[in-house]
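Here's the letter readout for the chains.
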Amino acid sequence: MKRFRYTLLKPDLPTVRRLSEEINVSEPIAAALVNRGITTFEEAKRFFRPDISQLHHPFLMKGMQDAVSRIITALKENESVMIYGDYDVDGTTGTSILYLFLQKIIPLIGSKSSVWYYINDRRSEGYGVAISGLENAVLIGASLVISVDCGITAIEPAQFCRENGIDFIICDHHQPPLDLPNAHTILNPKQEGCTYPFKELSGCGVAFKLMQALCIALELPMEYALEQLDYVALAAAADIVEMMDENRILMAEGLRQITARNPRPPLRALAVEAGLELGKSTSSSVVFTLAPRINAAGRLGHARDAIKWLTATTEEEAAPLAAILNEQNALRRELDKEIFQSAEKMAEMMLSIKPLSSLVLYNPDWHLGVIGIVASKIVERFYLPTIILTENRGVLKGSARSVSGVNIYQAISMAKTHLIQFGGHDFAAGLSLEIEKLDAFRNAFDAACDTLFPFEFRTPEIVIDAEVLLDMITPKFFQVLMQFEPYGPKNLKPVFLTKGVRPYQKPQLLKDLHLKMSFLDSSGRVFDAIGFNMPDQYKEISDGLEKNSKSTVQLVYSLEENEWNGQTKLQLRLRDARME
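(A) View of the overall build of the protein. When you go through the protein residue by residue, the secondary structure sums to 20 helices and 19 strands. Relative to its length of 580 residues, the protein is compact, with a C-alpha radius of gyration of 25 Å against a globular reference of 25 Å. Judged by the C-alpha coordinates and their principal axes, the protein covers about 80 × 55 × 50 Å. Across the protein, the fraction of contacts at a sequence separation of at least 24, relative to all contacts at a separation of at least 6, is 67%. Accessible surface, the protein: about 25600 Å² in total, of which carbon and sulfur atoms supply 51%. Charged side chains in the protein number 61 positive and 72 negative. The centres of these two groups are separated by 5 Å.

This is how it looks when you write it as structure tokens:
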């Protein structure tokens with residue numbers, strides 16, 4: 001059986017009780033807040049009522065004044081500007097909002113500047129700012145290039161820009177290397193010397209802060225920047241950035257725009273294709289429904305299709321583009337399944353030979369566009385830091401994904417002598433290497449993971465916010481809990497532990513996979529529960545109850561609403577269930 005280790009968080013009890021009284025919520029709710037670093041009335045107010053007025057001033061970001069001054073000069077001098085974006089959701093949305101924003105303000109300030117955008121071809125140009133892309137900037141006569149969600153490692157491209165009379169402004173959020181590109185300006189809250197109060201913006205979020213600053217400097221209505229927050233929310237959800245502080249504000253306002261009665265045409269068109277009701281969208285539905293379709297363009301075709309869709313102004317223009325994204329996503333899912341099955345067999349074989357602290361899997365025929373998704377699924381299957389590699393133009397290209405507690409960027413850094421290049425975050429990264437270095441890199445990376453990943457942490461962890469009785473779960477309890485949204489890293493959906501419960505009916509196994517049960521609280525209320533992909537838990541509980549019908553179960557779960565046949569009921573979404 002796939003087992004989990006539980007970590008029941010135990011925040012300071014006096015702090016929990018004080019906060020519970022101050023904001024009039026139950027102690028389990030207060031504990032969940034304290035677990036998220038929220039300990040005072042004011043902090044709770046900011047958390048539950050995120051508001052645009054709480055955004056940090058954009059000019060606090062290092063380099064912002066220089067970036068704004070250069071862009072304003074370009075617009076006043078009627079220069080050509082190229083926006084250079086990455087091909088994922090973060091990059092394409094960031095490119096789109098900056099493109100739409102500049103297109104809107106250029107005529108308002110009497111400028112005749114032209115704005116272009118460029119997105120790499122994943123297969124021929126790879127990740128990051130490519131010289132071939134900058135050669136296009138030269139061809140169109142661009143004197144200013146603004147990168148979005150890429151560029152922080154672009155040493156040679158920055159030099160190319162200088163040699164060709166192009167000023168280069170970098171808007172990025174990835175971890176900066178020790179040696180930074182010699183660009184005109186770098187906007188990255190993580191760079192050394194940047195005092196910006198929040199470090200975890202998406203790349204699109206950094207582009208939004210630039211737009212905010214331009215509105216201030218040009219004395220334009222801030223609404224010109226704020227109206228793009230639906231796309232900023234898409235980026236934040238898809239790029240899995242921390243859902244606290246400024247990201248929480250941007251996501252909350254962006255979701256309000258997405259779920260409004262009249263969302264912009266591209267969103268309406270793609271929602272129709274995906275069968276998503278925008279009015280009920282959450283950060284989770286954005287991640288699992290819209291984001292894969294946007295990403296599919298860059299994975300299987302060209303991300304230009306995503307940009308064209310994102311910047312469409314009418315449903316007639318957006319609808320056929322949305323259909324293309326949906327078709328590409330369907331093909332992407334087929335490839336995912338095929339490659340995952342192949343990678344799973346390879347991993348099983350490798351682990352049968354010897355114990356490993358990581359998985360580095362390679363097949364030259366795997367599709368470059370989906371290896372990141374497969375890496376995530378292999379991590380879920382084996383709970384080991386994983387790199388999936390394929391061959392592209394004679395070089396191995398890879399996507400890395402990690403487990404809780406292992407910084408994948410750090411692990412790759414410890415084996416970087418074998419690489420051509422790499423970059424990324426704590427949980428995801430990309431890399432390239434020569435094929436003859438594969439074995440040496442695999443060994444070095446595994447040694448790094450062995451150091452960073454102690455054996456006692458190699459069981460998937462479920463972090464529990466509080467232990468509760470079913471009796472505590474009242475309508476008010478759930479109403480307050482719903483206000484924890486939007487969810488994401490640092491603010492995951494609260495998880496609870498309940499011990500000593502007796503099943504109301506015999507457990508069922510739906511489709512040979514999913515555990516369905518129901519339980520009673522002390523007053524006779526029935527709580528339905530569903531646990532997806534839990535056949536082992538079903539067998540354990542069924543066997544236990546057959547031996548002793550009065551046995552009790554302990555549950556680990558989050559709370560959700562379930563709609564069925566026109567009725568909405570509270571439901572326990574099981575994370576795990578065990579006999580006691």
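Moving on, there is more to tell.
(B) Focus on the packing of helix α15 (residues 315-353) against helix α16 (residues 371-382). Relative orientation of the contacting elements α15 and α16 amounts to 45°, with a least axis distance of 9 Å. In terms of orientation, α15 and α16 fall into the oblique class. Seen from above, α15 lies across α16 with right-handed handedness. Here α15 contributes R332, D336, I339, F340, A343, E344, A347, E348 and L351 to the contact with α16, which in turn contributes I373, V374, K377, I378, R381 and F382. Looking at side-chain class alone, the contact of α15 with α16 contains nine nonpolar, no polar and six charged residues.

(C) Just the packing of aromatic side chains, in detail. Scanning all chains against the criterion turns up 10 aromatic pairs. Ring centres of Y383 and F453 lie 6.2 Å apart, and the angle between their planes is 55°; on these two criteria the pair is classed as tilted. Separated by 70 residues along the polypeptide, Y383 in the loop between α16 and β8 (386-392) and F453 in the loop between α18 (438-452) and β12 (461-464) bring together distant segments of the chain. Since its relative accessible area comes to 12%, Y383 is described here as buried. The exposure class assigned to F453 is buried, which follows from its relative accessible area of 1%. With centroids separated by 5.3 Å and ring planes inclined at 45°, the aromatic side chains of Y409 and F422 adopt a geometry described as tilted. Separated by 13 residues along the polypeptide, Y409 in helix α17 (residues 408-413) and F422 in strand β10 (residues 421-424) bring together distant segments of the chain.

(D) Representation of unusual backbone geometry. E485 connects to P486 through a cis peptide bond whose omega is 5°. With respect to the secondary-structure elements, P486 resides in the loop between α19 (475-482) and β14 (496-501). Despite not being glycine, E219 shows a phi value in the positive range, around 55°. Secondary-structure assignment places E219 in the loop between α8 (203-217) and α9 (223-226).

(E) Representation of the nonpolar core. Counting 79 residues, the largest nonpolar core has I146, F208, L210 and W309 as its most contacted members. For W309, the residues in contact, after removing those within four places along its chain, are P266, L267, L270, I294, A318, L321, A322 and L325.

(F) Up close: the sheet that holds strand β3 (residues 114-119). In space, the five strands of this open sheet follow the order β3-β2-β4-β5-β6, with parallel pairing throughout. This sheet does not close on itself; its edge strands, each paired only once, are β3 and β6 (185-187). Each strand axis lies, on average, 20° off the axis of its neighbour in the sheet, ignoring direction. With three bridges connecting them, strand β5 (residues 167-171) and β6 associate as parallel partners. Across the sheet, the residue bridging to C171 is L187, located in β6. Running over the sheet, helix α4 (residues 64-76) touches β2 (80-85), β4 (142-148), β5 and β6 and is turned about 140° from β4.

(G) Fine view of the layout of surface pockets. Roughly 440 Å³ of internal volume is contained in the second largest pocket. Surrounding the second largest pocket, 19 residues form its lining, K516, D528, N562, W564 and Q571 being those nearest its centre. Of all the elements, strand β19 (residues 567-579) adds the most residues to the lining of the second largest pocket, at four residues. Considering only residue class, the lining of the second largest pocket consists of eight nonpolar, six polar and five charged.

(H) Representation of helix α2 (residues 27-35). Of all nine residues that make up α2, seven are buried, and the element is covered over most of its length. Regarding α2, the residues found buried are P28, I29, A30, A31, A32, L33 and V34. In the core, the buried residues of α2 are packed alongside α1 (13-23), α3 (41-48), β13 (466-467), α19 and β14. A positive backbone phi angle near 80° is found at G37, which sits one or two residues after α2.

(I) Local environment of the state of the cysteines. One pass over the structure, following the stated rule, counts zero disulfides. Looking at the unpaired C215, the closest cysteine sulfur is the one in C171, lying at 14 Å. Since its relative accessible area comes to 1%, C215 is described here as buried.

(J) Summary view of the pairing of β5. The element β5 is largely enclosed, with a buried count of four among its five residues. Pairing geometry for β4 and β5, over five bridges, is parallel. For I146, the partnering residue across the bridge sits in β5 and is I169.

(K) Structural context of the environment of F477. By secondary structure assignment, the location of F477 is in helix α19. Here F477 falls in the buried class, since its relative accessible area comes to 4%. A sequence separation of 448 residues divides F477 from I29, and the C-alpha atoms of the two residues are 7.6 Å apart.

(L) Representation of the sheet that holds strand β7 (residues 359-362) in the model. On the basis of which strands lie adjacent, the open sheet formed by five strands has the order β7-β8-β9-β11-β10 and mixed pairing. Two strands close off the open sheet at either side, each with one partner strand: β7 and β10. Taken pair by pair, the neighbouring strands of this sheet meet at an average axis angle of 15°, ignoring direction. In terms of strand pairing, β8 meets strand β9 (residues 395-401) through seven bridges, oriented antiparallel. In the sheet register, L389 faces β9, and the bridge partner there is G398. Along the sheet, α16 makes contact with β7, β8 and β9, crossing β9 at roughly 45°. This element, α18, spans β7, β8, β9 and β11 (428-433) of the sheet and lies at about 160° to β7.

(M) Main features of the pattern of salt bridges. Taken as a whole and judged by the stated rule, the model has 23 salt bridges. E79 is paired through a salt bridge with R70; the nearest N and O atoms lie 2.8 Å apart. Using a relative accessible area of 11% as the deciding quantity, one classes R70 as buried. For the salt bridge of R264 with D230, the shortest nitrogen-to-oxygen distance reads 2.7 Å. You can see R264 sitting in the loop between α11 (245-258) and α12 (265-274) and its partner D230 sitting in helix α10 (residues 229-238), a full 34 residues away along the chain. Each of the two residues, R264 as well as D230, counts as buried.

Cut-offs applied
Residues numbered from 1 in each chain as written. Predicted model: local features only at pLDDT ≥ 70, side-chain atom pairs only at ≥ 80, totals over all residues. Heavy atoms only, no water. Helix = DSSP H or I, 4+ residues; strand = E, 2+ residues; numbered from the N terminus. Rg over C-alpha atoms; globule rule 2.2 N^0.38 Å. Contact = heavy atoms within 4.5 Å. Areas by Shrake-Rupley, 256 points an atom, 1.4 Å probe, with all protein chains shown as cover. Lys, Arg positive; Asp, Glu negative; His and termini not counted. Charge placed at Lys NZ, Arg CZ, Asp CG, Glu CD. Axes fitted to C-alpha atoms, helices over the stretch in contact; angles between N-to-C directions. Parallel < 35°, antiparallel > 145°, perpendicular 65-115°, else oblique. Left-handed = near helix turned anticlockwise from the far one by under 90°. Nonpolar A, V, L, I, M, F, W, Y, C, P; charged D, E, K, R; others polar. Phe/Tyr/Trp six-rings, centres within 6.5 Å; stacked < 30°, edge-to-face > 60°. Buried < 20%, exposed > 50% of the residue type's maximum accessible area, 1.4 Å probe, protein only. Core = buried A, V, L, I, M, F, W, Y, C linked by side-chain atoms within 4.5 Å. Pairing = 2+ DSSP bridges. 1 Å grid on protein atoms, 1.4 Å probe; cavity = no way out; pocket = protein on both sides within 12 Å on 5 of 7 lines; lining within 4 Å. Points joined across faces, edges and corners; volume = space filled by probe spheres on them. Disulfide = S-S within 2.5 Å. Salt bridge = Lys/Arg side-chain N within 4 Å of Asp/Glu carboxyl O.

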